[in-house]
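An overview of the molecular structure
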Amino acid sequence: MPRSPRNFQPGFCYHITTRCNNREFRLTRLECREVFLYAIKKAKEKYGFKLYALCIMSNAPLGKSKVKSQKSKVKF
């Protein structure tokens, strides 16, 4: 049974994490990190969230963001 969609609320801050496949470090090359950052930039333009911080660690990019409006719902 799939879980229910997340209910993002405007004005709330959210701690966001993601992992590379098999917990391996896949962002070793500069080009890979640039593509990842480009994807975040495009997501910001599309969904209108504010990114307060970003840390690309060995196998888990982390971020803290704030949802600006109710239409900013991102499906993960």
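Placed above this text is the structure.
I will try to describe carefully the structure that is included in this document. (Residues numbered from 1 in each chain as written. Predicted model: local features only at pLDDT ≥ 70, side-chain atom pairs only at ≥ 80, totals over all residues. Heavy atoms only, no water.)

1. Here we look at the overall build of the protein chain
Each helix and strand counted, the protein chain has 1 helix and 3 strands in total. Starting at the N terminus, the α and β elements of the protein chain follow one another as β-α-β-β. Split into buried and exposed, the 76 residues of the protein chain put 17% on the buried side. Long-range contacts, defined here as pairs at least 24 residues apart, represent 61% of the contacts in the protein chain between residues at least 6 apart. (Helix = DSSP H or I, 4+ residues; strand = E, 2+ residues; numbered from the N terminus. Buried < 20%, exposed > 50% of the residue type's maximum accessible area, 1.4 Å probe, protein only. Contact = heavy atoms within 4.5 Å.)

2. Overview of the environment of Tyr14
Note that Tyr14 resides in strand β1 (residues 13-17). Between the C-alpha atoms of Tyr14 and Leu51, which are 37 residues apart in sequence, the distance is 9.8 Å. A distance of 2.8 Å separates a polar atom in the side chain of Tyr14 from the backbone nitrogen of Gln9. (Polar contact = N/O pair within 3.5 Å; in protein donor to acceptor, adjacent residues only side chain to side chain.)

3. Quick word on helix α1 (residues 30-47)
The end-to-end C-alpha separation of α1 is 26 Å, in line with the 26 Å expected for 18 residues at 1.5 Å each. Two residues or fewer after α1 comes Gly48, characterised by a positive phi angle close to 65°. (Expected span 1.5 Å × (residues − 1).)

4. As for the environment of Ile40
Within the element layout of this structure, Ile40 appears in helix α1. In this structure, Ile40 is in contact with Phe49, Leu51 and Leu54, ignoring residues within four places of it in sequence.

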